[in-house]
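Structural features, examined
Below, each chain spelled out in residue letters.
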Amino acid sequence: MPRSGPLTPLSPEEEAVMRALGRFLLVVPRALDADLMREQRMSASEYSVLRHLSETPGHRMRMSELAAACDMSLSGMTRLAAKLESLGYLKRIRCEEDARGANAVLTARGMERLREAWPTHLASVRRHILDHLGELDLDRLAVAFAAMATEEL
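Here's a quick rundown of the structure. Owing to the predicted nature of the structure, the values given are computational and were not obtained by experimental measurement.

1. Structural notes on the pattern of salt bridges
Close approach of charged atoms allows side chains with opposite charge to pair. Counting across every chain of the model gives eight salt bridges. Between Glu 46 and Lys 83 there is a salt bridge; the shortest N-O distance is 2.5 Å. Of the two residues, Glu 46 is situated in helix α2 (residues 44-54) and Lys 83 in helix α4 (residues 74-86); the sequence distance between them amounts to 37 residues. On the basis of relative accessibility, which here comes to 6%, the residue Glu 46 falls in the buried class. Each member of the salt-bridge network shares a partner with another, and the members are Asp 35, Arg 38, Glu 39 and Arg 127.

2. As for the packing of α2 against α4
It is at 11 Å that the axes of α2 and α4 come closest, and there the two elements cross at 80°. It follows that α2 is roughly perpendicular to α4 by the angle criterion. Where α2 approaches α4, its residues Ser 45, Glu 46, Val 49 and Leu 50 are matched on the opposing element by Met 77, Leu 80, Lys 83 and Leu 84. For the contact of α2 with α4, the residue count by class is five nonpolar, one polar and two charged.

3. Overview of the nonpolar core
Membership of the largest hydrophobic core comes to 22 residues, with the highest contact counts inside it found for Val 49, Leu 50, Leu 53, Leu 66, Met 77, Leu 84 and Leu 90. Contributions of two or more residues to this core are made by α2, α3 (63-69), α4, β3 (102-106) and α5 (108-128). When near neighbours in sequence (up to four residues on either side) are disregarded, Leu 50 contacts Met 42, Leu 84, Tyr 89, Leu 106, Gly 110, Arg 113 and Leu 114.

4. A short note on the side chain of Ser 124
Summarising the element assignment, Ser 124 is placed in helix α5. For Ser 124, a relative accessible area of 1% puts it in the buried group.

5. Focus: the side chain of Thr 120
Following the sequence through the fold, Thr 120 ends up in helix α5. Since its relative accessible area comes to 8%, Thr 120 is described here as buried. Residues contacting Thr 120, with those up to four places away along its chain left out, are Asp 35, Leu 36, Glu 39 and Gln 40.

6. Let's talk about a nonpolar patch on the surface
On the surface, Leu 130, Leu 136 and Leu 138 cluster together into a nonpolar patch covering about 260 Å² of accessible area. Tracing the backbone shows Leu 130 in the loop between α5 and α6 (138-150). The exposure class of Leu 130 is partly exposed, given its relative accessible area of 35%.

7. Remarks on α5
An ideal rise of 1.5 Å per residue puts 30 Å on 21 residues; α5 measures up with 30 Å between its terminal C-alpha atoms. Remark: the principal bend of α5, roughly 35°, maps to Ala 117, with a proline, Pro 119, within the next four residues. All buried positions along α5 are accounted for by Gly 110, Met 111, Arg 113, Leu 114, Ala 117, Thr 120, His 121, Ser 124 and Val 125. The inward-facing, buried residues of α5 contact α1 (12-40), α2 and β3.

Calculation notes
- Residues numbered from 1 in each chain as written.
- Predicted model: local features only at pLDDT ≥ 70, side-chain atom pairs only at ≥ 80, totals over all residues.
- Heavy atoms only, no water.
- Salt bridge = Lys/Arg side-chain N within 4 Å of Asp/Glu carboxyl O.
- Helix = DSSP H or I, 4+ residues; strand = E, 2+ residues; numbered from the N terminus.
- Buried < 20%, exposed > 50% of the residue type's maximum accessible area, 1.4 Å probe, protein only.
- Axes fitted to C-alpha atoms, helices over the stretch in contact; angles between N-to-C directions.
- Parallel < 35°, antiparallel > 145°, perpendicular 65-115°, else oblique.
- Contact = heavy atoms within 4.5 Å.
- Nonpolar A, V, L, I, M, F, W, Y, C, P; charged D, E, K, R; others polar.
- Core = buried A, V, L, I, M, F, W, Y, C linked by side-chain atoms within 4.5 Å.
- Patch = residues over 30% accessible without salt bridge, like charges linked within 9 Å, V, L, I, M, F, W, Y side chains within 5 Å.
- Areas by Shrake-Rupley, 256 points an atom, 1.4 Å probe, with all protein chains shown as cover.
- Expected span 1.5 Å × (residues − 1).
- Bend = angle between axes of the 7 residues up to and from the residue.

Just geometry here; none of it tells us what the structure is for.
Have a look at this one:
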């Protein structure tokens, strides 16, 4: 919602945060993806799909919900799911509640592949993110990030 009243310029500290955050948002996802590709021959998007499915009851999600959880378009998710299905990591089945929709279901092979890739992803997250946070209050940081991510656009 637009703010009423005079605008207050950013302080030098606020400006530094904005510039660093902008750079972070460009560089870190690429670094996480590059580590997974180099060591696991798996993209961060593929990892994200398997991770989300592994965390849901029955290891299944509606394709549209999975696309939203992975911040992808439905058509992009459909293409990625087809690739993961060809590798035996997931299967797509019709929704019981709505015959027009489809669910993605993680297979045992997909769970095993996620377990193989997890140490690489964990080391990458520590190296590129957590090791740089020092004494920051991680609980407060997580709350702030969650609030920013759920704010209406």
